[in-house]
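# Coordinate inspection notes
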Amino acid sequence: MGLFNRKKDTDTPANPAMAELGREFAIARRHGDRKTMRRIGREYTNTAQTDADAASFQHGQEAYDAIPPINSPRRNRRRR
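Let us look at the structure shown here. (Residues numbered from 1 in each chain as written. Predicted model: local features only at pLDDT ≥ 70, side-chain atom pairs only at ≥ 80, totals over all residues. Heavy atoms only, no water.)

## Let's talk about the overall build of the protein
When you go through the protein residue by residue, the secondary structure sums to 3 helices and 0 strands. Mapped from its N terminus to its C terminus, the protein presents α and β elements in the order α-α-α. By residue count, 19% of the 80 residues in the protein fall in the buried class. When contacts within the protein are restricted to residue pairs at least 6 apart in sequence, those whose partners lie at least 24 apart make up 69%. (Helix = DSSP H or I, 4+ residues; strand = E, 2+ residues; numbered from the N terminus. Buried < 20%, exposed > 50% of the residue type's maximum accessible area, 1.4 Å probe, protein only. Contact = heavy atoms within 4.5 Å.)

## Observations concerning the nonpolar core
In this structure, M18, L21, F25, I40 and F57 together form the largest nonpolar core, which totals 5 residues. Not counting chain neighbours up to four residues away, the residues in contact with F25 comprise M37, I40, F57 and Q61. (Core = buried A, V, L, I, M, F, W, Y, C linked by side-chain atoms within 4.5 Å.)

## Considering the packing of helix α2 (residues 34-47) against helix α3 (residues 51-65)
How two helices pack is summed up by the angle between their axes together with the distance between the axes. Across the interface, α2 lies against α3 with an axial gap of 10 Å and an inter-helix angle of 155°. In terms of axis orientation, α2 runs roughly antiparallel to α3. Within the contact between the two elements, α2 uses I40, Y44 and T47 and α3 uses D53, A54 and F57. Tallied by class, the residues present in the contact of α2 with α3 amount to 4 nonpolar, 1 polar and 1 charged. (Axes fitted to C-alpha atoms, helices over the stretch in contact; angles between N-to-C directions. Parallel < 35°, antiparallel > 145°, perpendicular 65-115°, else oblique. Nonpolar A, V, L, I, M, F, W, Y, C, P; charged D, E, K, R; others polar.)

## Observations regarding the packing of aromatic side chains
Evaluated as defined, the whole model comprises 2 aromatic pairs. Taken together, a centroid distance of 5.8 Å and an interplanar angle of 50° make the contact between F25 and F57 tilted. On the criterion of sequence distance, the pair formed by F25 in helix α1 (residues 16-31) and F57 in helix α3 is long-range, its members being 32 residues apart. Assessed through its relative accessible area of 15%, F25 is described here as buried. Given a relative accessible area of 8%, F57 falls into the buried group. (Phe/Tyr/Trp six-rings, centres within 6.5 Å; stacked < 30°, edge-to-face > 60°.)

Below is the structure:
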C-alpha cells in the first residue's frame, strides 16, 4: 500500500470474477434482457459457494447501479 493510495481495501470485492458477473447482471437488468439475466442467475447459483461470493456479486451490481443512465435525445418531436 502506497503512501498516496486513495483506494480503500473495503472498496475492492473479495472475488473480482463474481463482481464482474454481478455487473453483467445489472447491465442485463437495466436493458431488460431476461435471457441473459436467467443465464447469469444460473451461473451464479452454480458457482457461488461462500458469503464473500454473494457480497462480491452484490458489490458488482451496486457499482453499476450507481452510474446514472444516459437519457437519449428525443426523436421526431418538434420544439415549441
